[in-house]
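# Coordinate inspection notes
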Amino acid sequence: MTGIETTIVMAGAKSLIDQITKSGWEGIKKNELLNKDVGQLIREVKYLFLRKYPQRYWDRHGMIKVLKMSKPMDLESIYVNVKCLGNLVRDYYDENLENKYRESKQRRFNFRDDGKKDGLLLANQEQYLMVLGDPGIGKSTFLRKVGLEALKGKQGSYQHPLTPVLLELKNFKENEINIQVLIEEEFKICGFPNVEKSISNKLEKGELLILLDGLDELPTANVNNVIEKIQDFVDRHHKNRFILSCRTAARTHLRQFTDIEIVEFDDQQIQSFIEHWFSSELDRKNETAKNCWELLQKEEYKSAKELAHTPLLLTFLCLVYDENQSFPTNRSRLYQDALRILLEKWSAEKRLPNRGLVYENLSIEQEEILLSEIAYQNFVADKLFLEKREIVKQIKDHLKQNLNAPQHLDGEKVLKTIEIEQGILVERARDVYSFSHLTLQEYLTAQYIYDNDLIEEAVKNYVTETRWQEVFLLVAGLMRGKADKLLLAMEKEAHNYLTTPLGQKLVPILQWADEMTKDSVDSPIKPVGRRAIAYWLVIFYTCIIYSYNVIHIPNVTAIIHSIVIAYAYAPEIAYLITKMSFTPKLIDEFVQLVNLFAQDRIVSKVNFYQLSADLEAFKQIIPDDKAAKKERQEFADQFLKMWSTAFNLTPELLNLSINEISEIDRHYFYINRRILKCQKVAVNISPTVWQEIEERMLRVP
């Protein structure tokens, strides 16, 4: 036995002894028990049953094995305290969810962080507790945890000296349900004497903690009958404590019960779960948990981290990381697997009965097509929160337009079933829904674009909208037959931008950059990288003109996308430029920059020897912080004249305002950055096509 298991069994045995002597079970003498220590009692066959129930509970509910776990894990070792809300958001009308989401500037749809309480605290406070939550949020795990804490007696976090008994309601298949008989069966397995009389005694005295898991998992035909039986049973045995679990969308109101809702994990809980998961000696030595958590903080995995707020999908992410010590670059496969877990694997593992009435003849593939259409239509309309009537209409329209889809299905029932069984669509406020994760809506939108050959249309209409950036990355990952079409469509839009009025002002700069870099054939940096750096020379020069007294490129957000492109090909030079500022060290930084230009042969037709000498001369006349504005202006003018002469920067190249630079960056350079990003994550690209795209990038066609 593990240390935790031994603690539970020993503590549980002591707790049961106390309860047995209070109950006056036949054949048990209080004085005899008091004269023996617990260790001796447990070793004696006569009292074997005292140990058997805690051991049995541990065997059945103390380990967890889900998804692709190769072996079960100790529930206590990975458990993270859940947090709950007492007031359910979706019970209220809220017409401002879309605005609240956009104001929050985050990817999560859950805005409520106020009023959260620890789940075990609420379990101690409430005699009758209804634990609600979305699929995979940890309701069943929470009930098992409460039971384990109760078995520990005074050593546990559950403060009531009761014997836990857990019943999984999905197993209630008969029309006639006798809850007491089912409880007795749990104790019979453990070899308790006189079970019928003993359980009746304990129920009468209120000595049981009755955990009923999965009210939503009852067979549809049996649900009303079981709910009535539960209500009657609770009324009849009101001295005991009860905890029920149910998916929020399927909740049923029972008179005495206080409803609480388990909320998704916050960052602290995610990090704690990862630390618990990767807690072996080898993982601690290799800092696996730290590396996994840090990877989820990176920009490229912010969508994956969004999934981690659901414990079931966080478990999936830990399994993926455990296997590869990383997350896949192609996130499409990752999100596809996450979607399939919600669509089918989770229900299959829980062995939920086939409800049949709603999903008859509607396959998982057809449902996925339906969901992708809903996701795409609303993403195009820039709607993340959807009214119930709109979704129901979309479901009905989809079924009518699909010859092989079952036409008899009720749209509202389909929506409700998706919400209850899978939690992919979630009611955020009364009659207002969203996808459970923005990541899933983005993935399904990408799937719809790919399935319906809408790549060129999507690129033409949305390639410069930042909210679509993840969608295009996912499309690239889905295109197993080469992502050339996507990249070429993006390149076409970049070239089209050069025909606009502002694009025409960019043309001379691109032509200058091409001319200045085309002869550097022996450079270790690719031509597109050299062109990106050359473009920077013009922008950097322009920024000096506009802010000669305070130069700090990282604060010039107008060129963020061109910065990324430069970093992709010439990281050392790009980093140096972003760190340059107008300080006494300015000239030294320029000398270092010029040396890198010469070393990597970024541009031709520049006399770097003379330029370095001129820069050294400027060291003697650079003004200090106390210099007058006129003196600083004169220095800046001399410096700019020297720099423009060296690089042949003509007035025609310097006629862009900061706003125009920003606009160009948000369109032309943003598209080119998208091309680089999509190329990186694509599964399959023609080498010839990519080479041709790179050769044309940042050039006038």
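Throughout this document, residue positions are counted from 1 along each chain, in the order its sequence is written. A pLDDT threshold of at least 70 governs which residues receive local features in this predicted model, and a stricter bar of 80 or more applies before side-chain atom pairs are shown or counted, although totals over entire chains, interfaces and linings include all residues. In computing side-chain properties, one takes all heavy atoms of the structure into account and sets aside hydrogens as well as water.

Attention now moves to the pairing of strand β9 (residues 258-262). Classification of residues uses two cut-offs on accessible area relative to the type maximum, computed with a 1.4 Å probe and protein chains only: under 20% is buried, over 50% is exposed, and between them is partly exposed. Per the convention used, a helix needs a DSSP run of H or I reaching at least four residues, while a strand needs a run of E reaching at least two, with both numbered from the N terminus. Judged by how many residues are buried, β9 sits mostly within the fold: 4 of 5 residues are covered. Pairing analysis gives 2 bridges linking strand β3 (residues 83-85) to β9, with the strands arranged antiparallel. For Leu 85, the partnering residue across the bridge sits in β9 and is Glu 261. As judged from the 4 bridges shared by strand β5 (residues 128-133) and β9, these two strands associate in the parallel manner. Opposite Leu 129, over in β9, you have Thr 258 as the bridge partner. We call two strands paired when DSSP finds no fewer than two bridges between them.

With that settled, the discussion passes to the packing of aromatic side chains. Whether two aromatic rings pair depends on their centres lying within 6.5 Å, for rings of Phe, Tyr and Trp, where Trp uses its six-membered ring; planes under 30 degrees apart make the pair stacked, over 60 edge-to-face, and the rest tilted. Enumeration over the complete set of coordinates arrives at 18 aromatic pairs. Ring geometry for Phe 233 against Phe 242: centres 6.2 Å apart, planes inclined by 85 degrees, an arrangement best described as edge-to-face. Among the residues examined, Phe 233 registers a relative accessible area of 3% and is labelled buried. Given the relative accessible area of 0%, Phe 242 is considered buried. Clustering of aromatic rings is evident, with ring pairs tying together Tyr 128, Phe 233, Phe 242 and Phe 257. Consider the ring centre and the ring normal. A charge sits over the ring if Lys NZ or Arg CZ is within 6 Å of that centre and within 35 degrees of that normal. When the ring centre of Phe 379 is taken as reference, the NZ or CZ atom of Arg 467 above it lies at 4.9 Å.

Here the chain averages 85 in pLDDT, and 84% of its residues register 70 or above. pLDDT expresses, on a scale from 0 to 100, how confident the predictor is about each individual residue. Only heavy atoms matter for contacts: two residues are in contact if any of them lie within 4.5 Å across the pair. Within the model, the stretch residues 23-30 combines pLDDT values under 50 with 17 contacts to residues more than four positions away or in other chains. Contacts from residues 548-555, a stretch scored under 50 in pLDDT, to residues over four places away or in other chains number 23 contacts.

What follows deals with the sheet that holds β3. Spatial strand order, β4-β3-β9-β5-β8-β7-β6: 7 strands in an open sheet with mixed pairing. Unpaired on one side and paired on the other, β4 (117-118) and β6 (163-168) mark the two borders of the sheet. Helix-sheet contacts for helix α11 (residues 223-236) involve β5, β7 (208-213) and β8 (241-247), and the interaxial angle to β8 is about 160 degrees. Lines are fitted to the C-alpha atoms to define the axes, a helix being fitted only along its stretch in contact, and any angle between axes, read from their N-to-C directions, falls within 0 to 180 degrees.

With that out of the way, let us pick up the pattern of salt bridges. Where charged atoms of side chains with opposite charge meet at close range, the side chains can pair. By salt bridge we mean one thing: a side-chain nitrogen of Lys or Arg within 4 Å of a carboxyl oxygen of Asp or Glu. With the rule as written, the count across this model stands at 42 salt bridges. The salt bridge involving Glu 390 is made with Lys 383; its shortest N-O contact spans 2.9 Å. Salt bridges sharing common partners tie together Glu 98, Arg 102, Asp 382, Glu 465 and Arg 467.

To continue, consider the sheet that holds strand β12 (residues 432-435). Taking strand neighbours across the sheet as the criterion, the 3 strands line up as β10-β12-β11 in an open arrangement whose pairing is antiparallel. Edge strands, defined here as strands with exactly one partner in the open sheet, are β10 (386-387) and β11 (425-429). Looking at chain direction, β11 and β12 are connected through 4 bridges and run antiparallel. In the sheet register, Leu 425 faces β12, and the bridge partner there is Phe 435. Across the sheet, helix α20 (residues 411-422) lies against β11 and β12, angled at about 95 degrees from β11, the strand it touches most.

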